[in-house]
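Here's the letter readout for the chains.
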Amino acid sequence: MFAAERRQLILEMVRANGAVSLRELARVVQTSEVTVRRDVRALEAEGLLDRRHGGAVLPGGFTRESGFPQKSHLATAEKTAIADLAAGLVEEGEAIVVGAGTTTQELARRLARVPGLTVVTNSLLVAQALAHANRVEVVMTGGTLRGSNYALVGSGAEQSLQGLRVSKAFLSGSGLTAERGLSTSNMLSASVDRALVQAAAEVVVLADHSKLGTDTMFQTVPTDVITRLVTDESPAHDDRAATELQALADQGVQIAVAGASGGGTGSGSGTSGVSGGDAVARQQRRDVPLPGPRRQVPGAGLRSAAALGEQGGGAERARVADLRRR
């Protein structure tokens, strides 16, 4: 298929669906994701579409936001891998808040297996995923329903969060940069997300690599408030994502990278030539070895002190034995 034919077909798919993932585009036009990405960039340069979240969407600039049906088909493997890794950060008996979004919905499906959990959310999709979970309590905020993403927003939602205190907040958004932090295209959603953040001791952002370096209209979480970022493994040629990850790490954000295949779910091998076993290992490792201050391993100091004590005790016993011989 010639480039012009591919690009015309890509345009038709985006216009018909509102948003299409790069993976799906590559499958339909029967070429590689690298070639499709190049076609999408060319079409974006002509103003015919926008690149968003690992795919292509209808053009709209900073203020446009895809609805749930479109977003749910974008970067699905990446969201699965991110959710698998993020679920490992939640312990039995914790109280957490989970914001609205397709990635947080994937997280909620995995949290259904964590006993004694209390989840506060403004997302109907998150609540639905946990509705039949055994020993998981779901607390819904008040507010006005925003149909495009099935989230409760407005003053009612914000007021219901006042006085709340939980251990962690799990949020996603439309873009993430080291300069502005997490952002979204909707003012009401941004305001509720800020209220969720204020209720949590730690803030965990879930964002696939396509959101890194993307800036949207309303800031939700400044970079200095983000405790940890859980993302997927970006392609080797994606310099923007790598640069943004380094900048976020330099500002103290802990980075956790998941294999794009969702290796922990047994769904197959990861992208970029990573095997399923390697993907699991990457998920279990948690932190990316980016340059920065060394983090002390819990208990390392105690082990060192014990070792020194043993050495000191041995020297003392030798001295006593020598005195006795004299």
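Residues numbered from 1 in each chain as written. Predicted model: local features only at pLDDT ≥ 70, side-chain atom pairs only at ≥ 80, totals over all residues. Heavy atoms only, no water.

Quick look at unusual backbone geometry now. Of note in the backbone geometry, Gln30 takes a positive phi value of approximately 60 degrees without being a glycine. Relative to the assigned elements, Gln30 resides in the loop between α2 (22–29) and α3 (33–45). Positive phi outside glycine occurs at Tyr150, with the angle close to 55 degrees. With respect to the helices, strands and loops of the structure, Tyr150 is situated in the loop between β7 (144–146) and β8 (151–153). Its relative accessible area of 35% is what places Tyr150 among the partly exposed residues. (Helix = DSSP H or I, 4+ residues; strand = E, 2+ residues; numbered from the N terminus. Buried < 20%, exposed > 50% of the residue type's maximum accessible area, 1.4 Å probe, protein only.)

With that settled, consider the pattern of salt bridges. The tally for this structure, following the rule as stated, stands at ten salt bridges. Residue Asp39 pairs with Arg6 through a salt bridge whose shortest N-O separation is 2.7 Å. On the criterion of sequence distance, the pair formed by Asp39 in helix α3 and Arg6 in helix α1 (residues 3–17) is long-range, its members being 33 residues apart. Note that Glu94 and Lys168 form a salt bridge whose closest N and O atoms lie 2.7 Å from each other. Residue Glu94 is located in the loop between α5 (76–87) and β4 (95–98), and its partner Lys168 is located in strand β9 (residues 166–171); the two are separated by 74 residues in the primary sequence. Several salt bridges share partner residues, and in doing so they unite Asp84, Glu106, Arg109 and Arg110 into one network. (Salt bridge = Lys/Arg side-chain N within 4 Å of Asp/Glu carboxyl O.)

Membership of the largest hydrophobic core comes to 30 residues, with the highest contact counts inside it found for Leu176, Val205, Leu212, Val221, Leu229, Leu248 and Ile255. Elements supplying a minimum of two residues to this core: β9, α9 (187–198), β12 (200–206), α10 (239–250) and β15 (254–258). Each residue touching Val205, except ones within four places of it in the same chain, is listed here: Leu171, Leu176, Leu182, Ile226, Arg228, Leu229 and Val230. Counting 26 residues, the second largest nonpolar core, distinct from the first, contains Ile82, Ile96, Val126 and Val204. (Core = buried A, V, L, I, M, F, W, Y, C linked by side-chain atoms within 4.5 Å. Contact = heavy atoms within 4.5 Å.)

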